[in-house]
There are 2 protein chains.
Amino acid sequence: MTPPADHSISRRRLLGTAGATGLALGVAGGAAGYASAPSDDRPALTGVGADRVMFHGKHQAGISTPVQARGHLAAFDLVSGAGRREAANLLRRWSATAERLTAGEAASAGGHDTGIALDAGPSSLTVTFGFGHGFFTRAGLEKLRPDALDPLPEFSSDHLDAKRGNGDLWVQIGANDALVAFHALRALQKDAAGAATVRWQMNGFNRSPGATARPMTTRNLMGQIDGTDNPAPADKDFDQRIFVPSDGDPAWMAGGSYAVVRRIRMLLDQWEKLPLKDQENVIGRRKSDGAPLTGGTETTGPKLDRTGPDGDLVIPLNAHSRITRPDQNGGAAMLRRPFSFHDGFDADGVPDAGLLFIAWQADPLRGFVPVQRKLDRGDALSEFIRHESSGLFAVPGGAAKGEYVGQRLLES
Amino acid sequence: MTPPADHSISRRRLLGTAGATGLALGVAGGAAGYASAPSDDRPALTGVGADRVMFHGKHQAGISTPVQARGHLAAFDLVSGAGRREAANLLRRWSATAERLTAGEAASAGGHDTGIALDAGPSSLTVTFGFGHGFFTRAGLEKLRPDALDPLPEFSSDHLDAKRGNGDLWVQIGANDALVAFHALRALQKDAAGAATVRWQMNGFNRSPGATARPMTTRNLMGQIDGTDNPAPADKDFDQRIFVPSDGDPAWMAGGSYAVVRRIRMLLDQWEKLPLKDQENVIGRRKSDGAPLTGGTETTGPKLDRTGPDGDLVIPLNAHSRITRPDQNGGAAMLRRPFSFHDGFDADGVPDAGLLFIAWQADPLRGFVPVQRKLDRGDALSEFIRHESSGLFAVPGGAAKGEYVGQRLLES
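Residues numbered from 1 in each chain as written. Chains lettered and ligands numbered in written order. Predicted model: local features only at pLDDT ≥ 70, side-chain atom pairs only at ≥ 80, totals over all residues. Heavy atoms only, no water.

A. Structural view of the pattern of salt bridges. Applying the stated criterion across every chain, the model contains 50 salt bridges over all chains. Of the charged contacts, one joins Arg-207 of chain B and Asp-177 of chain A as a salt bridge, the two residues approaching to 2.8 Å between their closest N and O atoms. One end of the pair, Arg-207 of chain B, is in the loop between strand S6 (196-205) and strand S7 (218-219); the other, Asp-177 of chain A, is in the loop between strand S5 (169-175) and helix H4 (178-191), on a second chain. For Arg-207 of chain B, a relative accessible area of 9% corresponds to the buried category. (Salt bridge = Lys/Arg side-chain N within 4 Å of Asp/Glu carboxyl O. Helix = DSSP H or I, 4+ residues; strand = E, 2+ residues; numbered from the N terminus. Buried < 20%, exposed > 50% of the residue type's maximum accessible area, 1.4 Å probe, protein only.)

B. Broad picture of the UniProt feature "domain: Dyp-type peroxidase C-terminal" (unreviewed entry) in chain A. Listed under "domain: Dyp-type peroxidase C-terminal" (unreviewed entry) in the UniProt record, and renumbered for this structure, are residues 217-399 of chain A. Counted over residues 217-399 of chain A, helix gives 19% and strand 25%. Its end C-alpha atoms are 29 Å apart. (UniProt positions renumbered as here; feature names shortened; annotations may be inferred.)

C. Broad picture of helix H7 (residues 276-283) of chain A. Residue and element names in this part refer to chain A. Residues of H7 that are buried include every one of Gln-279, Glu-280, Val-282 and Ile-283, and no others. For H7, the arc enclosing every buried residue in end-on projection is 155°, short of the 170-degree limit, so these residues lie on one face. One or two steps after H7, the chain reaches Gly-284, where phi turns positive at roughly 90°. (Arc of directions from axis to C-beta.)

D. Representation of the pairing of strand S12 (residues 351-361) of chain B. All names here are of chain B. Counting buried positions along S12 yields eleven of eleven residues, so the element is predominantly enclosed. Of the strand pairs in this sheet, strand S9 (residues 257-266) and S12 are connected by eight bridges, and their pairing is antiparallel. Paired with Tyr-258 across the strands is Gln-361, a residue of S12. Relative to S12, strand S10 (residues 335-336) is paired through two bridges, and the arrangement is antiparallel. Looking across to S12, one finds that Leu-335 is bridged to Trp-360. (Pairing = 2+ DSSP bridges.)

E. Structural view of the interface of chain A and chain B. With 67 residues of chain A at the interface, the matching set in chain B holds 68 residues. Across the chain A to chain B interface the summed buried area is about 4,800 Å²; carbon plus sulfur atoms make up 52%. Across the contact surface, chain A and chain B share ten salt bridges. Residues Asp-119 of chain A and Arg-219 of chain B are paired through a salt bridge, measuring 2.8 Å at the closest nitrogen-oxygen approach. Put simply, chain A and chain B have 38 residue pairs in polar contact (both at pLDDT 80 or more) between them. At the level of elements, strand S3 (70-78), H4, strand S6 (196-205), strand S7 (218-219), helix H6 (268-273), H7, strand S11 (339-345) and strand S12 (351-361) of chain A are the ones that each hand at least two residues to the side of chain A that touches chain B. Residue contributions to the side of chain A that touches chain B peak at eight residues, all from H4 of chain A. Of the residues contributing to the side of chain A that touches chain B, the split by class is 28 nonpolar, 26 polar and 13 charged. (Contact = heavy atoms within 4.5 Å. Buried area = accessible area lost by both parts, 1.4 Å probe. Polar contact = N/O pair within 3.5 Å; in protein donor to acceptor, adjacent residues only side chain to side chain. Nonpolar A, V, L, I, M, F, W, Y, C, P; charged D, E, K, R; others polar.)

F. Inspection of the environment of Gln-372 of chain B at higher detail. Residue and element names in this part refer to chain B. Here Gln-372 is to be found in helix H9 (residues 368-378). Gln-372 sits in the buried class, given a relative accessible area of 6%. For Gln-372, the residues in contact, after removing those within four places along its chain, are Phe-155, Ser-157 and His-387.

G. Quick peek at unusual backbone geometry. Residue and element names in this part refer to chain A. Residue Pro-250 is reached from Asp-249 by a cis peptide bond, and omega for that bond is -5°. Here Pro-250 is to be found in the loop between helix H5 (238-242) and strand S9 (257-266). Of note, Asp-119 is a non-glycine position whose phi angle comes to about 80°, a positive value. Residue placement: Asp-119 occurs in the loop between helix H2 (84-102) and strand S4 (126-131). The class of Asp-119 is buried, set by a relative accessible area of 12%. A positive phi angle, close to 45°, is found at Asn-166, a residue other than glycine. Within the secondary structure layout, Asn-166 lies in the loop between helix H3 (133-138) and S5.

Encoded structure:
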């Protein structure tokens, strides 16, 4: 899915050639085109590299930003002996690095830059930081730990590997160039030296800008259009559903959001053996264009009560798209902003592939949890997927100029 | 590195908006813009998705084609009992699938298409097929096995994992969209059912089109510009160096090439600790712009005899770029067309990352072997890399319309 941006602006748009990317770009406060870096002798960028997403803002970038072609997720644990002070210094370094890199500049901390992103523009790079449950214990900040970080309930479909879940600190990197993304990952890892070490790390991808003329949503590795029912930033209640309000609790989370991160393995061999019609019944939508089985286009509302000639519901009771609908879950809504993953094949030729599911919400107990509980009780899709890891992170609001991400927590 | 194309043409070029991609696109025989697929109700593509590389031609696509943003390599072994006939049928299926997918159409073999590439254009997809040493034994075709497939010599820097090397059949997939590439990988795997199983599979990436304004070469994960000294299709002796001549031996390899494929792990932690000046001495070129340490620009020839104020050679004797120069290796030349790889971090946070080195030549004994022998004796870069797997494949010439790749071997 590709939600409209609230952070980004395209230089191509400024140049009047927007539309070539297939991205629905919006323009809002604080945005600016990619400007030449200091002492810059690089030729002017006009392509996908020129797109820049501002680091500073009310919310962190990488939440309602259009999803990028390449993503890295990483969790870090504080090293033994490191606490609040070391974490504050680390978030200060990380924020400075993220500010520089998202502007297309070189990293400066920890010696010379690796040079991996030299010649490339910002390429819509975003870096997003979060805190996990364990962080607050290790940093002596239990009193400021949000209740919303309480461990998620167990679901019967879970096959979770704890080593690839949770973690003290979480970083989400997205960019439309894989080398720009890797450059950021290495720079942030270097910044962490002495304070935190990598607990787990995952790589993902989405459609490249311009690879499709479809404006709104992308497909996943099941071939399914994904994200149709996502809340849109233009929705009246978007902010209320996705972001912690300015008078929220705890205060340091104002403007922040909670990320549920799950590595969802797709059992593609089984899925692909299923006839098209059966696949469509599992989802409740047509594969070709994402329209509900009751007709229309991708954005047409489904007729949930309609029956076919056989008297059965056209959209089955256990269809994935029926179960996940906000109006079937007390209004529960989350912004899904996933990456696909593919980490090769096992010895039997089975692909280790699926979805790095990332869902954003103001409160997991009113977003992910009720929907997943319901899916757990009877989702037709469940036999084709396996949740292999899970993380829950408190992602603070964006940093203002001169601030670093998490400062309101770490200096409170 | 991004060699000019001899296969591809950009629809954007036709529309007069070329240059936006940062690719140096050439136009030569047999090329055509992406045309609407039959019964197509998709909106017209104008972005990176519209670029199409022709499947048919004198040479297979994916050799002198500009390198793509995403790559999959896979080796297959024939199943027990499968021989020449099954291989011929498989190559017929594979060629038909490659022809369809590179035109932006759906796969047809093995049931319904997975739909992963629906809505996307061809995105410069290429699929390239090769045969390994063991294939000829299993298919009863020893007499047609090229001498050039004799096992490569061992090098002292090798740490090879046989399970990730060689194989009966080799497939190289490249595309500027990761879902288009994965779609092709799955379709080809499905085509192989009953005839061959995956032996090993690797994923790689390069710069996205348009992420950089640099026209010719890309960087690797060491931050180094890579491919400067590559033969260029415009060179007088390019074809002679890269492709088997039309009267070559064996006859079925006319128009073909040999691919040396190596997973080269980069020891990035050690490399990145090296001061910039030392990195530049290891390579013999400036990191910023790839110019030789004796001055000029990336394409300036190095002054190999020049000494500095201290009397030492400016470009050290063991500098990587000095050792690999054709004029230091009896004219040996190969076309390097690699992908970078990053398969996560190990438990100590060490990245499993480096280069999927793919080198093309008319004869490995006059391309890869002499250069690698020389590197093996004293390349300053060798302490920062590790060759972890190796494959050598005979890649036949391209198929004409109505032919399949390898037909001249399998029906000879």
